[in-house]
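One-letter residues, chain by chain:
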Amino acid sequence: MEPEIEPRIKPKNLLFIMSDQHGPSFMGCSSHPMVKTPNLDRLAARGTRFENAYTNCPICVPARASFATGRYVHDCGYWDNADPYDGAVEGWGHRLIAQGHTVVSIGKLHYRCEDDPTGFSQQVIPLHVVDGVGDLIGLIRDDLPERKAAAKYAGDTGRGESSYINYDRNIADAAVKWLSEDAARNADKPWVLFVSFVCPHFPLIAPEEFYDFYPEDQVPWPDLYDEAGRPTHPYYHAMRECINYDKYFDEAAVRRAVAGYFGLCSFVDHNVGKVVDALEAAGLADDTRIVYTSDHGEALGKRGLWGKSTMFEESAAVPLIMAGPDVPAGKTVSTLTSLVDSAPTIMECVGAKPAPADATLPGRSLFEIAAGADSERTAFSEYHAAASMTGTFMLRDGNYKLVYFDGMEPEHFDLEADPDETRNLAALPEFADVLARMTARLRDICDPEEVDRRARADQAATIDRHGGREELLKRGDFGYSPAPGQKPEFSV
């Protein structure tokens, strides 16, 4: 028998907080000139901020499946928002429960349903996909239909209240309650509390006290919003025709949307502060580490785009902050990271052992990365969901980013020289060697053409199970998943 290896860090509890659609630039600690996030800023000041973190898929359901399993989308096979996680591919939660750890979720999961064995001892006020099947119309990727619910985006903006705001308040209150109870202090082994807020996901309506931080006539106009700044690649043209949010925006709506999103970022920060304060009030701060991240970003009008679903930085990048015992304080790490790094991080944090199958996980513990390990690593993301006429794959390697479209011309950007990703280098001879190297590294991760074929085959089978294309079109588009207790509103 091999001797036990002494853990590098002492096992501690973990408070893992995830928001929805929070771009990493919209925080004070990432130098945003206007957005107020004092609680996240304090968390970063006493911990480590990973400034180059990415989602593994820029849309909710697949991103959360990657997070749950620690595997890329093409590996775990949850392709889109109509393919929700059901626990069939086990993840870090299953490992922890099998080893006697308490694992509790509070808030949005966007899995299939509460009854599935998805790696939680308990789910508190969970939000799952609509009817257990989710966004069926998003499965249609040939002859893309116009998504009628896109009109909601511009209309649901401004100052006020929404079901999502009320839901997030309930999530924060439930987390405060759980942290104050005996279960949080008397567990036999370190626990994980996953607190998942739904804001700043649209509707871009913010509570008055936070909306009024950002006067509409003072918020910045979106970068590259004018027609000349919009991407010309045919993939994005097709995406805009399918989900043309901007069709419904005028100047007043743009300004309301930006102010609303900024206000929601501050509202999320406020709720993070409530939960962290409760942790400290319960006397658990010395025994608990904290992680904050989001499932994907938000374009917020940049390039005339809204929402997520692209590999541009504003959509594919996410905030990532870790704080607590054994975490370097006041540190910013530039090493590339992504959501799949959460699985080894969580297991190392609480002292759980990986299973043999976990040897193939692509992620690495953030504790190791914060200590300087693997500084030359790459980041990978992929997209096979709503409004995608073909499979899309992103590889970031140093300052270079490759966006590979199956069957279409690629995009290649130098993020240091061109942070707004406006100059495609893919056709320039002087970058041919770099492009070839990055394409080879992408193919080390997956075969894009084979993955796209497999995704489409699975999606076609799901379309057939639900009656075919015309039945899905008749069902319509609900825009976003309703909060618990609310019913979806379909647009046809």
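Residues numbered from 1 in each chain as written. Predicted model: local features only at pLDDT ≥ 70, side-chain atom pairs only at ≥ 80, totals over all residues. Heavy atoms only, no water.

Asker: Would you mind showing me how to read the packing of aromatic side chains here?
Answerer: The relation between two aromatic rings is expressed through the spacing of the ring centres and the mutual angle of the planes. Under the definition given, this model contains 31 aromatic pairs. Plain terms: the ring middles of Tyr 153 and Phe 249 are 6.3 Å apart, the flat faces sit at 55° to each other, and that makes the pair tilted. A residue pair is termed long-range when its members are at least 10 positions apart, and Tyr 153 in helix α5 (residues 151-155) and Phe 249 in the loop between α9 (234-242) and α10 (251-281) qualify at 96 residues. As far as the burial class goes, Tyr 153 and Phe 249 line up, both buried. Between Phe 210 and Phe 213, the ring centres sit 5.9 Å apart and the planes meet at 90°, which makes this aromatic pair edge-to-face. Site record: aromatic cluster; members linked through ring pairs are Phe 26, Phe 210, Phe 213, Tyr 214, Tyr 261, Phe 262 and Phe 267. Above the plane of the ring of Tyr 225 lies Arg 230, whose end atom (NZ or CZ) is 4.8 Å from the centre. It is Arg 303 that lies over the ring of Phe 312; its NZ or CZ is 3.8 Å from the centre. (Phe/Tyr/Trp six-rings, centres within 6.5 Å; stacked < 30°, edge-to-face > 60°. Helix = DSSP H or I, 4+ residues; strand = E, 2+ residues; numbered from the N terminus. Buried < 20%, exposed > 50% of the residue type's maximum accessible area, 1.4 Å probe, protein only. Lys NZ or Arg CZ within 6 Å of the ring centre and 35° of its normal.)

Asker: Just to check I follow, could you spell out the sheet that holds strand β12 (residues 331-333) for this structure?
Answerer: Backbone hydrogen bonds hold the strands of a sheet together, and the pairing may be parallel or antiparallel. Strand order in the open sheet made by the 8 strands is β5-β4-β7-β1-β9-β11-β2-β12, with mixed pairing throughout. Where the open sheet ends on each side, the last strands, each with one partner, are β5 (122-127) and β12. Taken pair by pair, the neighbouring strands of this sheet meet at an average axis angle of 15°, ignoring direction. For strand β1 (residues 13-20) and strand β7 (residues 192-200), the ladder comprises 6 bridges, and the chain directions are parallel. Across the sheet, Phe 16 pairs through a bridge with Phe 194, a residue of β7. Taken strand by strand, helix α2 (residues 60-69) contacts β1, β4 (103-108) and β7, and its axis lies near 165° from that of β1. Against the sheet, helix α12 (residues 342-350) touches β1, β7, β9 (288-294) and β11 (320-323), its axis set at about 155° to β1. (Pairing = 2+ DSSP bridges. Axes fitted to C-alpha atoms, helices over the stretch in contact; angles between N-to-C directions. Contact = heavy atoms within 4.5 Å.)

Coordinates in, geometry out; function isn't part of it.
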